[in-house]
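Tertiary structure, described
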Amino acid sequence: MGTRVGARIGARIGTRAAVLGGAAALALPWVVAGGGPAQAAASCTLTTGPYQRQVEQFLGRPVDGKQSAADCTAIRSFQASHGITPTQGYAGPLTWQTMSTMLAQRAAGSTPNRAGDCPVNRGRIACVDLTRQLSWIQDGATLKYGPVPVRTGKDGTETRTGLKKIYYRSIDHWSTLYNVSMPYAQFFDGGIAFHSTAKSMWNPPGSGGCVNMRPADAKAYWTLLGKGEDVYVYGRKPGT
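Now for a look at the structure at hand. (Residues numbered from 1 in each chain as written. Predicted model: local features only at pLDDT ≥ 70, side-chain atom pairs only at ≥ 80, totals over all residues. Heavy atoms only, no water.)

A short note on the sheet that holds strand S7 (residues 192-196)
Neighbouring strands of a sheet are bound in pairs by backbone hydrogen bonds; such pairs are parallel or else antiparallel. One open sheet accounts for four strands, arranged S5-S6-S7-S8; its pairing is mixed. The sheet is open, and its two edges are formed by strand S5 (168-175) and strand S8 (211-213), each paired on a single side. For this sheet the average axis-to-axis angle between neighbouring strands, irrespective of direction, equals 30°. In the packing of helix H5 (residues 215-224) onto the sheet, contacts are made with S5, strand S6 (180-189), S7 and S8, and the angle to S6 comes to roughly 45°. (Pairing = 2+ DSSP bridges. Helix = DSSP H or I, 4+ residues; strand = E, 2+ residues; numbered from the N terminus. Axes fitted to C-alpha atoms, helices over the stretch in contact; angles between N-to-C directions. Contact = heavy atoms within 4.5 Å.)

Structure, rendered in structure tokens:
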């Protein structure tokens with residue numbers, strides 16, 4: 001989310017140790033435990049969605065293209081885990097879009113810059129791929145951390161693309177614009193920053209522009225990056 005920058009600069013923590021996250025850093029919850037048939041029945045739909053087969057396959061359900069009570073429970077549980085509304089177990093466009101992004105992230109494996117879109121001639125750099133909602137840190141062509149899932153700006157408050165530099169860091173930052181905590185904030189484009197959030201990385205529609213991260217990943221970025229280092233943002237977030 002975006003914010004007006006506060007007055008205090010947090011102390012830089014640790015050293016720039018080479019930490020290779022690789023595919024292990026991208027722990028994606030493919031199947032989510034449900035709340036049980038009785039709980040799901042109250043708001044579950046038995047209507048077959050346009051992405052029924054794809055969603056069934058993603059969740060490891062029998063793929064028949066027809067909604068069942070068990071399908072609905074599994075889909076609804078997935079939706080509830082990531083804040084997808086309405087949480088009714090319907091295999092609609094938003095649910096499948098979320099799953100498609102997860103599949104693209106999984107396919108990146110330990111070579112997220114396989115296509116060479118993020119510059120390899122600038123030394124240490126944090127890359128942000130909006131299309132796959134992925135970020136990683138590389139040094140030249142060497143992967144140092146990640147790739148990890150991120151949550152970027154929603155339609156209307158998109159995370160801006162281009163080559164940026166980290167210009168301000170605040171480890172315990174408080175957003176005066178959104179009145180919310182932004183731990184491990186590293187600003188690189190106006191009010192846009194890397195920072196930790198408690199929300200799911202796949203929670204739609206997205207942030208106010210910032211690159212949201214899981215707490216452990218935001219902390220690792222704080223350790224590995226510093227003021228003046230490059231950030232490259234490219235691609236286009238699905239749905240924007």
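Considerations on unusual backbone geometry
In the segment running from Thr 85 into Pro 86, the intervening peptide bond is cis, with an omega of -5°. Note that Pro 86 resides in the loop between helix H3 (69-82) and helix H4 (93-108). Positive phi, normally seen in glycine, also occurs at Tyr 184, with a value near 55°. Checked against the element boundaries, Tyr 184 lands in strand S6.

A closer look at the layout of surface pockets
What the largest pocket holds in volume is close to 270 Å³. For the lining of the largest pocket, a count of residues per class yields seven nonpolar, nine polar and four charged. (1 Å grid on protein atoms, 1.4 Å probe; cavity = no way out; pocket = protein on both sides within 12 Å on 5 of 7 lines; lining within 4 Å. Points joined across faces, edges and corners; volume = space filled by probe spheres on them. Nonpolar A, V, L, I, M, F, W, Y, C, P; charged D, E, K, R; others polar.)

Quick word on the nonpolar core
Membership of the largest hydrophobic core comes to 23 residues, with the highest contact counts inside it found for Phe 188, Phe 194, Tyr 221 and Val 231. Contributions of two or more residues to this core are made by strand S1 (124-129), strand S3 (142-149), S6, S7, S8, H5 and strand S9 (230-234). By residue number, the principal contributor to this core is H5, which donates five residues. One finds Val 55, Ala 74, Ala 91 and Trp 96 within the second-largest nonpolar core, a separate group that totals 13 residues. (Core = buried A, V, L, I, M, F, W, Y, C linked by side-chain atoms within 4.5 Å. Buried < 20%, exposed > 50% of the residue type's maximum accessible area, 1.4 Å probe, protein only.)

Here we look at the side chain of Thr 197
Mapped onto the elements, Thr 197 comes out in the loop between S7 and S8. By relative accessible area, Thr 197 is classed as buried at 16%. A polar contact of 3.3 Å, which involves the side chain of Thr 197, links it to the backbone nitrogen of Lys 199. Setting aside anything within four residues of it in sequence, one finds Thr 197 in contact with Asn 212, Met 213, Arg 214 and Pro 215. (Polar contact = N/O pair within 3.5 Å; in protein donor to acceptor, adjacent residues only side chain to side chain.)

Some thoughts on the packing of aromatic side chains
Using the criterion set out here, one finds nine aromatic pairs in the structure. Aromatic side chains Tyr 145 and Tyr 221 sit 6.0 Å apart centroid to centroid with 85° between the ring planes, which places their arrangement in the edge-to-face category. Taken together, the positions of Tyr 145 in strand S3 and Tyr 221 in helix H5 put the pair 76 residues apart, joining distant regions of the chain. Of the residues examined, Tyr 221 reaches a relative accessible area of 0% and is grouped as buried. Between Phe 188 and Phe 194, the aromatic rings sit 5.0 Å apart at their centres with planes inclined by 45°, giving tilted as the arrangement. Across the pair, exposure class does not vary: Phe 188 and Phe 194 are buried alike. Among the aromatic side chains, those forming a connected cluster through ring pairs are Tyr 145, Phe 188, Phe 194 and Tyr 221. A cation sits over an aromatic face here: Arg 169 above Trp 222, 3.8 Å from the ring centre. (Phe/Tyr/Trp six-rings, centres within 6.5 Å; stacked < 30°, edge-to-face > 60°. Lys NZ or Arg CZ within 6 Å of the ring centre and 35° of its normal.)

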